[in-house]
Amino acid sequence: MTAATLEIHLTDDDLTAALRSDARTGLTATPKWLPPKWFYDARGSELFELITELPEYYPTRTERALLERVVGEIARTAQAEVLVELGAGSAAKTRLLLSALSAEGPLKTYVPQDVSATALRAAADEIAAEFPALAVHGVVSDFTATLDNLPRGGRRMIAFLGGTIGNLVPAERAEFLAGIHAVLEPGEQLLLGAGLVIDPAVLVPAYDDAAGVTAEFNRNVLRVLNSRLNADFDPEKFAHIALWDTENEWIEMRLEATEAMTVAIRDLDLTVDFAAGEQMRTEISAKFRREGLETELDAAGFATERVWTDPDSRFALVLAERR
């Protein structure tokens, strides 16, 4: 077995600088907003793992079941020599892809990418032990800004699973897909996991569970600001809101101030006023229609090869080739 290697393009100082910038920009905007990536400190990651096990939260188990069903077709079509996974995390679902691609023969290298060096090191070492014939080359970076740091060479497939593409607004998605197109060579591929538009009666509870786990996850962004920027938010004074935006076809998560308050973010020398009932957006989770996905991919320079959906048409896996 060859030991996994780790290439670091994002340090804790870089993350702190990005958080400072996002907090200042978002908290002084009208209406206020914060990016969803700041949910994820250690506690936020634990809460999200709990969310994926909730009865209301269908996306994770639906995508995994779909991947289990079609992974052989993906591997035979892709014939990838290098699998790059953006936002790899624990690489749980990736093992299905690695097994199938290895069975097809050409896979030589796995490149997991994530913002957390600690999580990535653990995942990379586990994969290297489980797949001793593979070279494992981790990349610590922000996938929205450092795609050009991904290694080149060999026939690559970039996997971006979990429906995370839905956290980007349309302009951000266009920029992101164009960035992937720029780093791939003609004939290389993108495997994209995306949630589909379904009945809001099923969709909304997935982001507003009866046990209140998602509410705690949402409020965790305030705890991150408290711990990393010396802010004095009282998370319990913010209510969790999840709603379906029919026009944009996305779930929007917000935090609503239950009373008027002034919050100090000391490391930014910033004070922020909240009116009673004022809402701050913390996440969007866009859902897609097949034709819309194909249109966005086409605009970015990709030709859709295959689209697989689950029996209830709640989730899609799209394999697209870079033109």
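Residues numbered from 1 in each chain as written. Predicted model: local features only at pLDDT ≥ 70, side-chain atom pairs only at ≥ 80, totals over all residues. Heavy atoms only, no water.

Naming follows an unreviewed UniProt entry, where the protein appears as Histidine N-alpha-methyltransferase of Nocardia otitidiscaviarum. What UniProt states about the protein under its Catalytic activity (unreviewed entry) heading is, verbatim, "L-histidine + 3 S-adenosyl-L-methionine = hercynine + 3 S-adenosyl-L-homocysteine + 3 H(+)". (UniProt positions renumbered as here; feature names shortened; annotations may be inferred.)

Caption draft 1: Summary view of the overall build of the protein. Scanning the protein for helices and strands turns up nine helices and 13 strands. In terms of overall size, the protein behaves like a compact globule, its C-alpha atoms giving a radius of gyration of 20 Å where 323 residues would be expected to give roughly 20 Å. With the C-alpha coordinates of the protein rotated into their principal frame, the extents come out at 60 × 40 × 35 Å. A burial count over the protein gives 50% of its 323 residues as buried. Sequence-distant contacts in the protein: of pairs separated by 6 or more residues, those separated by 24 or more amount to 73%. Carbon and sulfur atoms form 50% of the exposed surface of the protein, whose accessible area is close to 13700 Å². If you average the places of the 31 positive and of the 52 negative side-chain charges in the protein, the two averages end up 2 Å apart. (Helix = DSSP H or I, 4+ residues; strand = E, 2+ residues; numbered from the N terminus. Rg over C-alpha atoms; globule rule 2.2 N^0.38 Å. Buried < 20%, exposed > 50% of the residue type's maximum accessible area, 1.4 Å probe, protein only. Contact = heavy atoms within 4.5 Å. Areas by Shrake-Rupley, 256 points an atom, 1.4 Å probe, with all protein chains shown as cover. Lys, Arg positive; Asp, Glu negative; His and termini not counted. Charge placed at Lys NZ, Arg CZ, Asp CG, Glu CD.)

Caption draft 2: Summary view of the sheet that holds strand β11 (residues 279-286). Pairing is antiparallel across the open sheet formed by three strands, whose spatial order is β7-β8-β11. At either end of the open sheet lies a strand with only one pairing partner, and these are β7 (238-245) and β11. For this sheet, the mean angle separating the axes of adjacent strands, direction not counted, is 20 degrees. Where β7 and strand β8 (residues 250-257) come together, eight bridges link them in antiparallel fashion. Residue pairing in the sheet places A239 in a bridge with E256 of β8. (Pairing = 2+ DSSP bridges. Axes fitted to C-alpha atoms, helices over the stretch in contact; angles between N-to-C directions.)

Caption draft 3: Structural context of the environment of S227. Structurally, the position occupied by S227 is in helix α8 (residues 213-229). Classification of S227 as exposed rests on a relative accessible area of 56%.

Caption draft 4: Seen up close, the packing of helix α3 (residues 59-78) against helix α4 (residues 94-104). At a minimum axis distance of 9 Å, the contact between α3 and α4 shows a crossing angle of 25 degrees. Compared by their axis directions, α3 and α4 come out roughly parallel. Judged by the sense of rotation from one axis to the other, the crossing of α3 with α4 is right-handed. Residues R64, L67, E68, V71, I74, A75 and R76 of α3 touch α4, and the partners they reach there are L96, L97, A100, L101 and E104. The residue inventory of the contact of α3 with α4, partitioned by class, reads eight nonpolar, no polar and four charged. (Parallel < 35°, antiparallel > 145°, perpendicular 65-115°, else oblique. Left-handed = near helix turned anticlockwise from the far one by under 90°. Nonpolar A, V, L, I, M, F, W, Y, C, P; charged D, E, K, R; others polar.)

Caption draft 5: Seen up close, the packing of aromatic side chains. Counted under the stated rule, the structure contains 13 aromatic pairs. Centroid distance F48 to F217: 5.9 Å. Interplanar angle 40 degrees. Geometry classified as tilted. Here F48 is found in helix α2 (residues 42-52), whereas its partner F217 is found in helix α8, with 169 residues between them in sequence. The class for F217 is buried, based on a relative accessible area of 3%. Centre to centre, the rings of F143 and F176 are 5.5 Å apart; their planes meet at 65 degrees, and the pair counts as edge-to-face. Linking F143 in the loop between β4 (135-140) and β5 (156-160) with F176 in helix α6 (residues 170-183), this pair joins segments that are 33 residues apart in sequence. Note on F143: relative accessible area 16%, which makes it buried. Among the residues examined, F176 registers a relative accessible area of 5% and is labelled buried. A network of ring pairs unites the aromatic residues F39, Y40, F48, Y57, Y207 and F217 as a single cluster. Seen from the ring of F274, K32 lies directly overhead, with NZ or CZ sitting 4.8 Å from the centre. One residue, R314, lies across the ring of Y58, its end atom 5.2 Å from the ring centre. (Phe/Tyr/Trp six-rings, centres within 6.5 Å; stacked < 30°, edge-to-face > 60°. Lys NZ or Arg CZ within 6 Å of the ring centre and 35° of its normal.)

Caption draft 6: Structural view of α4. Those residues of α4 that fall on the buried side of the exposure criterion are T94, R95, L97, L98, A100 and L101. On the buried face of α4, the contacting elements are α3, β2 (82-85), β3 (109-114), α5 (117-130), β5 and β6 (189-195). The first or second residue beyond α4 is G105, which carries a positive phi of 110 degrees.

Caption draft 7: Here's a closer look at the nonpolar core. Formed by 75 residues in total, the largest nonpolar core has its most connected members in L27, L97, M157, F233, I265 and F274. F274 has contacts with L27, K32, F233, F238, A257, E259, A260, M261, V263 and M280, leaving out every residue within four places of it along the chain. Among the nonpolar cores identified, the runner-up in size contains 33 residues, and V183, L192, F288 and V307 belong to it. (Core = buried A, V, L, I, M, F, W, Y, C linked by side-chain atoms within 4.5 Å.)

Caption draft 8: Highlighting unusual backbone geometry. Along the chain, T30 connects to P31 via a cis peptide bond; the corresponding omega equals -5 degrees. When you line up the elements, P31 lands in the loop between α1 (12-27) and α2. Phi angles above zero are rare outside glycine, and Q79 is one such case at about 50 degrees. Assignment of secondary structure puts Q79 in the loop between α3 and β2. When its relative accessible area of 31% is taken as the criterion, Q79 is described as partly exposed. Positive phi values are uncommon outside glycine, yet S313 reaches one of about 55 degrees. Considering the arrangement of structural elements, one finds S313 in the loop between β12 (302-309) and β13 (315-322). Judged by its relative accessible area of 37%, S313 is partly exposed.

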